[in-house]
Amino acid sequence: MRALAQGRTVPVMAVVAVIVLIWYAGTFFLNAPFERDQAARAGREIAFGELLERTMAQERPVLPAPHQVFVELWDTTVNKAVTSRRSLVYHAWVTLSATLLGFAIGTALGILLAIGIVHNRAMDKSVMPWVIASQTVPILAVAPMIIVVLNAIGLSGLLPKALISTYLSFFPVVVGMVKGLRSPEAIHLDLMRTYNASRSQTLWKLRWPAATPFLFTSMKVAVAISLVGAIVGELPTGAVAGLGARLLTGSYYGQTIQIWSALFMAAALAACLVMVVGLAQTMVMRRMGERP
Amino acid sequence: MKRSTGAAQPAAARPAKTGAGPGRAGDGAPTVISARGLSLTFETDDGPVNALSNVDLEVGRGQFVSFIGPSGCGKTTLLRVIADLEQPTGGTILVNGVAPEQARLNRAYGYVFQAAALYPWRTIENNVALPLEIMGYAATERKERVQRSLDLVNLTGFEKKYPWQLSGGMQQRASIARALAFDADILLMDEPFGALDEIVRDHLNEQLLELWARTNKTICFVTHSIPEAVYLSTRIVVMSPRPGRVTDVIESTLPRERPLEIRESRQFLEIAHRVREGLRAGHSYEE
Ligand SMILES: Nc1ncnc2c1ncn2[C@@H]1O[C@H](COP(=O)(O)OP(=O)(O)OP(=O)(O)O)[C@@H](O)[C@H]1O
Ligand SMILES: [Mg+2]
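As the structure is a computational prediction, the values presented were derived from the model and not from experiment. (Residues numbered from 1 in each chain as written. Chains lettered and ligands numbered in written order. Predicted model: local features only at pLDDT ≥ 70, side-chain atom pairs only at ≥ 80, totals over all residues. Heavy atoms only, no water.)

Caption draft 1: Structural context of the site of ligand 1. Residue and element names in this part refer to chain B. For ligand 1, the set of nearby residues contains 13 residues, the closest of which are Ser 71, Gly 72, Lys 75, Thr 76 and Thr 77. For ligand 1, an oxygen atom lies 2.8 Å from a polar atom in the backbone of Gly 72. Thr 77 is positioned with one of its side-chain polar atoms (N or O) 2.4 Å from an oxygen atom of ligand 1. Here ligand 1 has 630 Å² of accessible area as a free molecule, and 64% of this is covered by the chains. The greatest single-element share of the shell around ligand 1, amounting to three residues, is contributed by helix H1 (residues 75–82). Looking at the shell around ligand 1, its residues break down into four nonpolar, seven polar and two charged. (Near = heavy atom within 4 Å. Polar contact = N/O pair within 3.5 Å; in protein donor to acceptor, adjacent residues only side chain to side chain. Areas by Shrake-Rupley, 256 points an atom, 1.4 Å probe, with all protein chains shown as cover. Helix = DSSP H or I, 4+ residues; strand = E, 2+ residues; numbered from the N terminus. Nonpolar A, V, L, I, M, F, W, Y, C, P; charged D, E, K, R; others polar.)

Put into structure tokens, the structure is as follows:
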């Protein structure tokens with residue numbers, strides 16, 4: 001166990017270290033022109049040491065230094081009450097709730113569509129092209145319209161954002177589940193036929209369990225993409241709350257540190273969500289007698 | 001071109017229902033499967049394939065019929081037609097006096113595929129219970145029947161195991177148990193022991209005969225092995241390919257009680273010889 005853990009920790013840490021180093025270098029080179037400019041205007045020379053120090057501590061840097069982002073993250077998560085509008089945890093929760101709702105609706109919708117497609121020739125022919133076409137529309141263009149239209153009919157808050165998540169997340173589920181529900185071998189299907197099993201019996205006793213691994217794989221993609229959907233859905237809401245709002249206000253006021261910390265929060269959230277789905281998969285597959 | 005090497009068993013007191021003791025009818029038993037001029041042509045990209053051509057077949061209740069023949073002679077296809085998994089393109093076939101589809105809807109047969117075809121997410125007992133669940137047996141009866149069928153194939157103690165935890169032979173036995181769990185009086189078996197080693201195969205052959213004697217099922221059994229066919233069957237159907245057809249039907253003269261040693265007897269070797277001759281005759285069309 002220990003050896004295994006070490007075996008993975010060392011390379012991961014090495015990669016992280018390299019990334020941080022490159023990041024610091026980038027911070028210096030991207031922020032240096034501004035400092036040189038300032039110095040030139042003030043009509044004085046700037047030494048390298050001072051330049052380095054100043055590039056790492058700008059208030060609105062082009063690229064904030066890692067420690068700046070870290071301090072901001074710490075400050076807005078640990079040092080603020082979670083109910084506060086200035087708490088990143090609060091904003092993350094706003095986004096997360098829309099993500100989860102959208103993911104749940106999207107998964108259910110995807111499963112229902114897949115079941116329909118697998119069982120109905122007409123649906124197979126007619127629905128799949130639309131499902132694919134839906135994903136070629138740029139979500140950034142559609143999201144504001146969905147929000148505006150839903151607002152007009154009196155829907156606001158969580159649901160419109162969740163629906164954008166749904167719009168993105170049902171797609172991998174449909175594709176994965178169609179494949180999964182069609183994955184049983186001919187011989188397994190023949191067996192059901194010899195028993196004179198009904199279609200719903202074949203679905204629940206054969207197709208569904210056979211599709212389970214496919215479902216989890218597509219749910220991993222779907223949950224990550226749901227988060228993207230929720231964030232995109234927050235952009236046109238007038239920046240009220242949520243990680244998307246943090247990104248938007250951050251960019252209005254040039255608060256790059258805020259943008260970056262929101263980005264990190266989003267990434268961490270996505271990683272957690274995918275991990276939770278992965279854990280659920282491991283548990284379910286174990287209960288289904290998967291070979292360890 | 002059917003011939004017969006003597007009558008089989010004297011038709012003793014014929015059992016009216018399944019499970020009615022050892023008295024079993026050979027010839028003259030009520031017909032369970034009857035095919036006339038059965039043909040099946042697969043339309044493939046490389047043109048039509050004559051998988052079955054003008055096959056006549058009569059199988060009586062309680063018979064053990066083996067189908068033997070070279071690869072591609074339509075054995076599987078014939079079994080699948082009987083089971084309504086494939087539609088014939090010509091001729092007629094009746095199973096239990098009705099069309100195969102009706103027989104399938106009546107759940108008249110259990111089918112053992114060449115591969116065990118167990119569902120990997122079900123334990124052995126749940127695999128065996130699958131047809132019972134589908135056919136709506138009550139939970140208590142399900143349990144009882146699962147136990148009984150696992151017992152029949154000597155798999156007691158492996159109920160909670162998953163298929164991958166069992167050897168190939170055990171998996172195949174589980175799939176036989178699954179076909180035995182419900183009251184189908186016809187058992188269709190497609191090379192069920194094809195992938196097993198000789199010793200396991202002998203053992204399973206013995207068990208299958210024992211089971212047949214106990215349950216009075218009608219068994220259609222596909223095999224590539226001449227000794228296996230002769231050892232098990234009351235009747236051997238020899239088939240040949242291109243087009244797939246029946247070239248010989250041999251009635252076994254062996255007694256019903258068949259210890260493994262019977263395979264060294266003269267009678268056994270004579271029947272085996274005839275089967276081999278039949279196979280050779282079919283083969284000479286090729287190459
Ligand atoms: N679904 C199918 N489509 C097209 N051709 C098929 C199909 N199934 C079988 N055939 C062809 O029909 C012929 C008979 O096949 P079948 O599987 O019945 O042979 P078999 O006697 O069972 O052979 P084996 O001993 O190898 O299992 C073969 O030539 C095969 O290629
Ligand atoms: Mg075959």
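Caption draft 2: Representation of the sheet that holds strand S4 (residues 90–95) of chain B in the model. Residue and element names in this part refer to chain B. Sheet architecture is open: three strands sit in the order S2-S1-S4, paired in antiparallel fashion. Strands at the two margins of the open sheet, each flanked by one partner only, are strand S2 (47–60) and S4. Averaged over all adjacent pairs, the angle separating strand axes in this sheet is 20°, with direction ignored. (Pairing = 2+ DSSP bridges. Axes fitted to C-alpha atoms, helices over the stretch in contact; angles between N-to-C directions.)

Caption draft 3: Region of interest: the side chain of A:Ser226. Residues and elements named next belong to chain A. In this structure, Ser 226 sits in helix H9 (residues 199–234). There is a polar contact of 3.4 Å between the side chain of Ser 226 and the side chain of Ser 169. Apart from the residues within four sequence positions on either side, Ser 226 is in contact with Thr 99, Gly 102, Phe 103, Ser 165 and Ser 169. (Contact = heavy atoms within 4.5 Å.)

Caption draft 4: Molecular detail of the confidence of the model for chain B. All names here are of chain B. Put simply, chain B has an average pLDDT of 83, and 89% of its residues get 70 or more. Mean pLDDT across the secondary structure elements of chain B bottoms out at helix H6 (residues 198–215), with 84, and peaks at helix H3 (residues 124–134), with 95. Confidence drops under pLDDT 50 across residues 1–26; counting only partners more than four residues distant or on other chains, this segment forms 53 contacts. Interface confidence for the predicted complex, expressed as ipTM, amounts to 0.81; the pTM equals 0.83. (pLDDT = per-residue confidence, 0-100.)

Caption draft 5: Expanded view of the pattern of salt bridges. The final tally for this structure, using the stated rule, is 26 salt bridges over all chains. The closest approach of N and O atoms between A:Lys80 and A:Asp75, which form a salt bridge, is 3.5 Å. Accessibility expressed as a relative area gives 21% for A:Lys80, which makes it partly exposed. Accessibility expressed as a relative area gives 29% for A:Asp75, which makes it partly exposed. Of the charged contacts, one joins B:Asp183 and B:Arg145 as a salt bridge, the two residues approaching to 2.8 Å between their closest N and O atoms. Taken together, the residues span a long stretch of sequence, with B:Asp183 in the loop between helix H5 (168–180) and strand S6 (186–190) and B:Arg145 in helix H4 (residues 139–152) at a distance of 38 residues. Using a relative accessible area of 9% as the deciding quantity, one classes B:Arg145 as buried. (Salt bridge = Lys/Arg side-chain N within 4 Å of Asp/Glu carboxyl O. Buried < 20%, exposed > 50% of the residue type's maximum accessible area, 1.4 Å probe, protein only.)

Caption draft 6: Geometry of empty space enclosed by the protein. All names here are of chain B. Tallied over the full model, the rule gives three cavities of 30 Å³ or more. Roughly 60 Å³ of volume is contained in the largest cavity. If you trace the largest cavity, you find it lined by Leu 152, Val 153, Arg 173, Ile 176, Phe 193, Leu 204, Gln 207, Leu 208 and Leu 211. Those elements that provide at least two residues to the lining of the largest cavity are H5 and H6. Of all the elements, H6 adds the most residues to the lining of the largest cavity, at four residues. Here the lining of the largest cavity is built from residues that sort into seven nonpolar, one polar and one charged. (1 Å grid on protein atoms, 1.4 Å probe; cavity = no way out; pocket = protein on both sides within 12 Å on 5 of 7 lines; lining within 4 Å. Points joined across faces, edges and corners; volume = space filled by probe spheres on them.)

Caption draft 7: Region of interest: a nonpolar patch on the surface. On the surface, A:Val12, A:Met13, A:Val16 and A:Val20 cluster together into a nonpolar patch covering about 320 Å² of accessible area. One can find A:Val16 in helix H1 (residues 2–42). (Patch = residues over 30% accessible without salt bridge, like charges linked within 9 Å, V, L, I, M, F, W, Y side chains within 5 Å.)

Caption draft 8: Quick peek at the interface of chain B and chain A. Every contact between the two is made by 26 residues of chain B and, on the other side, 21 residues of chain A. Of the roughly 2200 Å² buried between chain B and chain A, counting both surfaces, carbon and sulfur atoms make up 61%. The largest share of the area that chain B buries against chain A comes from B:Trp121, B:Ile134 and B:Trp164, three residues that together contribute 32% of it. Joining chain B to chain A, the criterion identifies three salt bridges. Notably, a salt bridge pairs A:Arg193 with B:Asp84, separated by 3.2 Å at the nearest N-O pair. Our enumeration of links across chain B and chain A arrives at 13 residue pairs in polar contact (both at pLDDT 80 or more). For the side of chain B that touches chain A, the secondary-structure elements that each account for two or more residues are helix H2 (100–105), strand S5 (109–112) and H3 of chain B. Per element, the largest residue contribution to the side of chain B that touches chain A is four residues, and it comes from H3(B). (Buried area = accessible area lost by both parts, 1.4 Å probe.)

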